[in-house]
Amino acid sequence: MADARRFDADEKRELDENGFVLRRGVFDDGEIGAIRDDCEALVTRLLEEKRHTKLVVGSYRFELQRRLRTIVKWEKDDPDLLQGVEPFAHISEALRSWALDPRLVDPSKDVVGAEQIDLFTEKLNLKRAHKGGPIVLHQDHPYWSDVSQVASRVATAMIFLDDATIENGCLEVVPGSHREGLQQRLAVEGFGAFEMDPAKFNLSRLTPLEVPAGSAVFFGPFLVHRSLPNRSGEDRRALLFSYQPAGYPHLRDLVNYGPPREP
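In this text, all values refer to a predicted model and were calculated from it rather than measured experimentally.

### Observations regarding the overall build of the chain
- Counting its regular elements, the chain contains five helices and 13 strands.
- Reported as C-alpha extents along the three principal axes, the dimensions of the chain are approximately 50 × 45 × 40 Å.
- Taking contacts inside the chain between residues at least 6 apart in sequence as the whole, the part at least 24 apart equals 78%.
- Counting only carbon and sulfur atoms, one obtains 48% of the accessible surface of the chain, whose full area is about 11800 Å².
- In the chain, which carries 35 positive and 43 negative side-chain charges, the distance between the mean positions of the two groups comes to 4 Å.

### As for the sheet that holds strand E9 (residues 171-173)
- Spatially, four strands are ordered E7-E12-E9-E10 in an open sheet, and the strand pairing comes out antiparallel. Strands with a single pairing partner mark the edges of an open sheet, and in this sheet they are strand E7 (135-138) and strand E10 (207-208).
- Sheet topology places E7 next to strand E12 (residues 225-227); two bridges connect them, and they run antiparallel. Bridging from a neighbouring strand, Ile135 pairs with Ser227 of E12.

### Structural notes on the pairing of strand E11 (residues 216-219)
- Here E11 shows a buried face lined by Ala216 and Phe218 and a second buried face lined by Val217 and Phe219.
- Pairing geometry for strand E1 (residues 20-23) and E11, over four bridges, is antiparallel. Paired with Arg23 across the strands is Ala216, a residue of E11.
- Note: strand E8 (residues 155-160) against E11, four bridges, orientation antiparallel. Looking at E11, one finds that Ile159 is bridged to Ala216.

### Structural notes on the environment of Ser177
- Relative to the elements of secondary structure, Ser177 occurs in the loop between E9 and E10.
- Through-space distance from the C-alpha of Ser177 to that of Asp110 is 18 Å; in sequence the pair is 67 residues apart.
- When near neighbours in sequence (up to four residues on either side) are disregarded, Ser177 contacts Gln183, Arg205, Phe222, Leu223 and Val224.
- Reaching out from Ser177, the side chain makes a polar contact with the backbone nitrogen of Val224 at a distance of 2.9 Å.

### Things to note about the packing of aromatic side chains
- Summed over the entire model, instances satisfying the criterion amount to nine aromatic pairs.
- Ring centres of Phe191 and Phe194 lie 5.6 Å apart, and the angle between their planes is 85 degrees; on these two criteria the pair is classed as edge-to-face.
- In this structure Phe191 comes out as partly exposed when scored by relative accessible area, which is 27%.
- A network of ring pairs unites the aromatic residues Tyr60, Phe62, Tyr143, Phe191 and Phe194 as a single cluster.
- One residue, Lys54, lies across the ring of Trp74, its end atom 3.8 Å from the ring centre.

### A word on the sheet that holds strand E6 (residues 117-127)
- Strand order across the open sheet formed by nine strands is E1-E11-E8-E13-E6-E5-E4-E3-E2, with antiparallel pairing between neighbours. The sheet terminates laterally at E1 and strand E2 (54-57), the two strands that pair on one side only. Across this sheet, the average inter-strand angle for adjacent strands is 25 degrees, counted without regard to direction.

### Observations regarding helix H1 (residues 9-18)
- Its side-chain oxygen at 3.1 Å from the backbone nitrogen of Asp10, Asp8 defines the N-terminal cap of H1.
- Following H1 by one or two positions, Gly19 has its phi on the positive side, about 90 degrees.

### Observations regarding the environment of Leu186
- Inspection of the secondary structure puts Leu186 in the loop between E9 and E10.
- In this structure, the C-alpha to C-alpha distance between Leu186 and Ala199, residues 13 residues apart in sequence, is 9.2 Å.

### Brief notes about the nonpolar core
- Membership of the largest hydrophobic core comes to 40 residues, with the highest contact counts inside it found for Ile35, Phe88, Leu104, Leu239, Phe241 and Tyr243.
- For this core, the element with the most residues is helix H2 (residues 29-48), which contributes six residues.
- Filtering out sequence-adjacent residues up to four positions away, Leu104 remains in contact with Phe27, Trp98, Ala157, Ile159, Ala216, Phe218, Phe241 and Tyr243.
- Formed by 15 residues, the second largest nonpolar core is a distinct cluster that contains Phe20, Phe160, Phe219 and Ala238.

Here is what the cut-offs are and how they apply
Positions within a chain are numbered from 1, following the residues in the order the chain's sequence is written. The predicted nature of this model means local features are confined to residues of pLDDT at least 70 and side-chain atom pairs, given and counted, to a pLDDT of 80 or more, with totals for whole chains, interfaces and linings taken over all residues. For side-chain calculations, the full set of non-hydrogen atoms in the structure is used, while hydrogens and water are omitted. Secondary structure elements follow DSSP: runs of H or I of four or more residues count as helices, runs of E of two or more count as strands, with numbering from the N terminus. Contacts: residue pairs with any heavy atoms within 4.5 Å of one another. Residue-level accessible areas treat just the shown protein chains as cover; the underlying method is Shrake-Rupley with a 1.4 Å probe. Under this rule, positive means Lys or Arg and negative means Asp or Glu; His and the chain ends count for nothing. Where a charge lies is defined by one atom per residue type, namely NZ (Lys), CZ (Arg), CG (Asp) and CD (Glu). Strand pairing is defined by DSSP finding a minimum of two bridges between the two strands. Relative accessibility decides the category of a residue: with a 1.4 Å probe and only protein chains considered, values under 20% of the type maximum give buried, values over 50% give exposed, and everything between is partly exposed. Polar contacts, as used here, are pairs of N or O atoms within 3.5 Å; protein pairs need one atom able to donate a hydrogen and one able to accept it. Residues neighboring in sequence count only if both atoms are side-chain atoms. When two rings of Phe, Tyr or Trp (its six-membered ring) have centres within 6.5 Å they constitute a pair, described as stacked for plane angles under 30 degrees, edge-to-face for angles over 60, and tilted for the intermediate range. Whether a charge lies above a ring is judged from NZ of Lys or CZ of Arg, which has to be within 6 Å of the ring centre and within 35 degrees of the ring normal. Here the axes come from fitting lines to C-alpha atoms, over the contacting stretch only for helices, and the angles between their N-to-C directions go from 0 to 180 degrees. Remark: nonpolar core denotes a set of buried residues (Ala, Val, Leu, Ile, Met, Phe, Trp, Tyr, Cys) joined through side-chain atoms within 4.5 Å.

Right under this line is the structure:
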């Protein structure tokens, strides 16, 4: 593992002004290859599990995996294509070890604003070639505020596992949006109410982050972001670890998964 690195003065200004800090070359090609292998091993395990009811909730299709105490996301337009999973550190020791890497943990301390931090949740996003769908315009805070006491202090470190381009649906962010508080959301009930209303937001403010694999971006819960579908012939995968001040429960302990079902 490389030496831990906190944000320098310029990066702290970037965080304050833009709401995110982007670092290239955080992980080398060999490490990214290993992380990709760990992610695909998790995907294989999830695909081997007995399938349960898949529900369209808001813009997404979810499956509650009670036995594994996690939520699997499937492509809305292709219910047999896995789009992501959250949380997963408790079912993948290999990926949990990457979450503890100081190259992610130490910079996240500067976003959280605490010297002692723990994992809050972790998410794997998959945009398969030609088929990966969008992640709608949103802020993270609304999804977490009903369950977490410290949702406003959660920091996310996103690792780009493949080269990210506009064609393959790279992350798009709105610099400075973290200073504007909560944005106007869809006037619907249920999970979809956490999504922003794109008709009430100036989408021209979005900035695509086209970066090479091995890069990482750090941001807080109020940054406006989204990603578009993958129209390329290559996968676009991303691994997200979210951190909070130490001493608070992990998201998996705040969600009611109900009694585990028999496999």
